[in-house]
Amino acid sequence: GPTLLLTGDAPVINIQDDTGATDYFTQFKQSGNSLYVYTDSTATLAVEIFRISPDYVAIQRSSSPRVGIGTTGTANVALHLLDDSTADMVLLENSDAGAGSAPDLTLYRNSASPAVNDDIGEIIWAGNTEDGTRETYASIYCESASVTDTQESSRMRFYGKYLGTSLEYFRL
């Protein structure tokens, strides 16, 4: 079939919609072994949407990324997965035959100024009430008790709901 070939240093394809009051564009750019996809309403403020290279795929590398799979991106949520089946939503699989730890799930709080009692992370189980209101039913919460090098300590708290009230069931 037909082929479009662009050669040279960092070839670019621009697609522009200039039919309205604001011009919108999408740009495909090749640089080295990476393909970049940008989009925006002005040619000078492009937002990188994708970067595809032999080693990785980066999605929406903007200052406030919002990615939706099965849905659109949701405000204040970096990754929103939506499915209407009862199948697994996320599968972490490792096929290494060795004795090392894998697959691993890491919640990493990368703070430039860690302090005692910082919230480190939380796992939340939420569902709807009978009137359709989203409600947190249980959670596991972690905070730093000490951030001194070689003296690091943490607290984990396990919460559940009983008669409409969130209760701390136990603490580690």
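Residues numbered from 1 in each chain as written. Predicted model: local features only at pLDDT ≥ 70, side-chain atom pairs only at ≥ 80, totals over all residues. Heavy atoms only, no water.

Draft legend 1. Structural detail: the pairing of strand β4 (residues 47-52). In the sheet, strand β3 (residues 34-40) pairs with β4 via 5 bridges, with the strands oriented antiparallel. Within the sheet, the bridge partner assigned to tyrosine 36 lies in β4 and is arginine 51. Connecting β4 to the antiparallel partner strand β5 (residues 57-59) that follows it, the hairpin turn spans 4 residues. (Pairing = 2+ DSSP bridges. Helix = DSSP H or I, 4+ residues; strand = E, 2+ residues; numbered from the N terminus.)

Draft legend 2. Seen up close, the pairing of strand β11 (residues 165-171). Relative to β11, strand β10 (residues 153-162) runs antiparallel, the two being bridged by 6 bridges. For tyrosine 159, the partnering residue across the bridge sits in β11 and is glutamate 168. The hairpin formed by β10 and β11 contains 2 residues between the paired strands, and leucine 163 there has a positive phi angle of roughly 50 degrees.

Draft legend 3. Representation of the packing of aromatic side chains. All chains considered together, the criterion is met by 2 aromatic pairs. Between the aromatic rings of tyrosine 36 and tyrosine 38, the centroid separation amounts to 6.1 Å while the plane-to-plane angle is 10 degrees, which identifies the pairing as stacked. Classification of tyrosine 36 by relative accessible area gives buried; the value is 13%. A ring pair is formed by phenylalanine 158 and phenylalanine 170, whose centres lie 4.3 Å apart and whose planes are at 15 degrees; its orientation type is stacked. Taken together, the positions of phenylalanine 158 in strand β10 and phenylalanine 170 in strand β11 put the pair 12 residues apart, joining distant regions of the chain. (Phe/Tyr/Trp six-rings, centres within 6.5 Å; stacked < 30°, edge-to-face > 60°. Buried < 20%, exposed > 50% of the residue type's maximum accessible area, 1.4 Å probe, protein only.)

Draft legend 4. Summary view of the environment of tyrosine 108. Among the secondary structure elements, tyrosine 108 is positioned in the loop between β7 (79-81) and β8 (119-128). According to the relative accessible area criterion, tyrosine 108 is exposed, its value standing at 63%. Within polar-contact distance, the side chain of tyrosine 108 engages the side chain of asparagine 110 at 3.2 Å. (Polar contact = N/O pair within 3.5 Å; in protein donor to acceptor, adjacent residues only side chain to side chain.)

Draft legend 5. Region of the structure containing the sheet that holds β11. Strand order across the open sheet formed by 4 strands is β8-β9-β10-β11, with antiparallel pairing between neighbours. The open sheet has two free edges, formed respectively by β8 and β11, since each of these has just one partner strand. In this sheet, neighbouring strand axes are inclined to one another by 20 degrees on average, regardless of whether the strands run parallel or antiparallel. Relative to strand β9 (residues 134-146), β8 is paired through 9 bridges, and the arrangement is antiparallel. Its bridge partner lying in β9, asparagine 128 is registered against arginine 134. (Axes fitted to C-alpha atoms, helices over the stretch in contact; angles between N-to-C directions.)

Draft legend 6. Fine view of the side chain of serine 144. Mapped onto the elements, serine 144 comes out in strand β9. Exposure remark for serine 144: the relative accessible area of 4% places this residue in the buried category. A polar side-chain atom of serine 144 sits 2.7 Å from the main-chain carbonyl oxygen of alanine 115. Ignoring any residue separated from it by four or fewer positions in sequence, one finds serine 144 in contact with Ala115, Val116, Asn117, Asp118, Ile120, Ser153, Ser154 and Arg155. (Contact = heavy atoms within 4.5 Å.)

Draft legend 7. Summary view of a nonpolar patch on the surface. Residues Met89, Val90, Leu92, Leu105, Leu107, Ile123 and Trp125 make up a contiguous nonpolar surface patch of roughly 730 Å² in combined accessible area. Inspection of the secondary structure puts valine 90 in the loop between β7 and β8. Residue valine 90 is classed as exposed on the basis of its relative accessible area, which comes to 56%. (Patch = residues over 30% accessible without salt bridge, like charges linked within 9 Å, V, L, I, M, F, W, Y side chains within 5 Å. Areas by Shrake-Rupley, 256 points an atom, 1.4 Å probe, with all protein chains shown as cover. Salt bridge = Lys/Arg side-chain N within 4 Å of Asp/Glu carboxyl O.)

Draft legend 8. View of the sheet that holds strand β1 (residues 12-17). Overall, antiparallel pairing links the 5 strands, which are arranged β1-β2-β3-β4-β5 in an open sheet. For this open sheet the edge positions go to β1 and β5, each flanked by a neighbour on one side alone. If you compare each strand with its neighbour and ignore which way they point, the axes differ by 15 degrees on average. Of the pairings in the sheet, the one linking β4 to β5 comprises 3 bridges and is antiparallel in character. When the bridges of β5 are listed, phenylalanine 50 appears paired with isoleucine 59.

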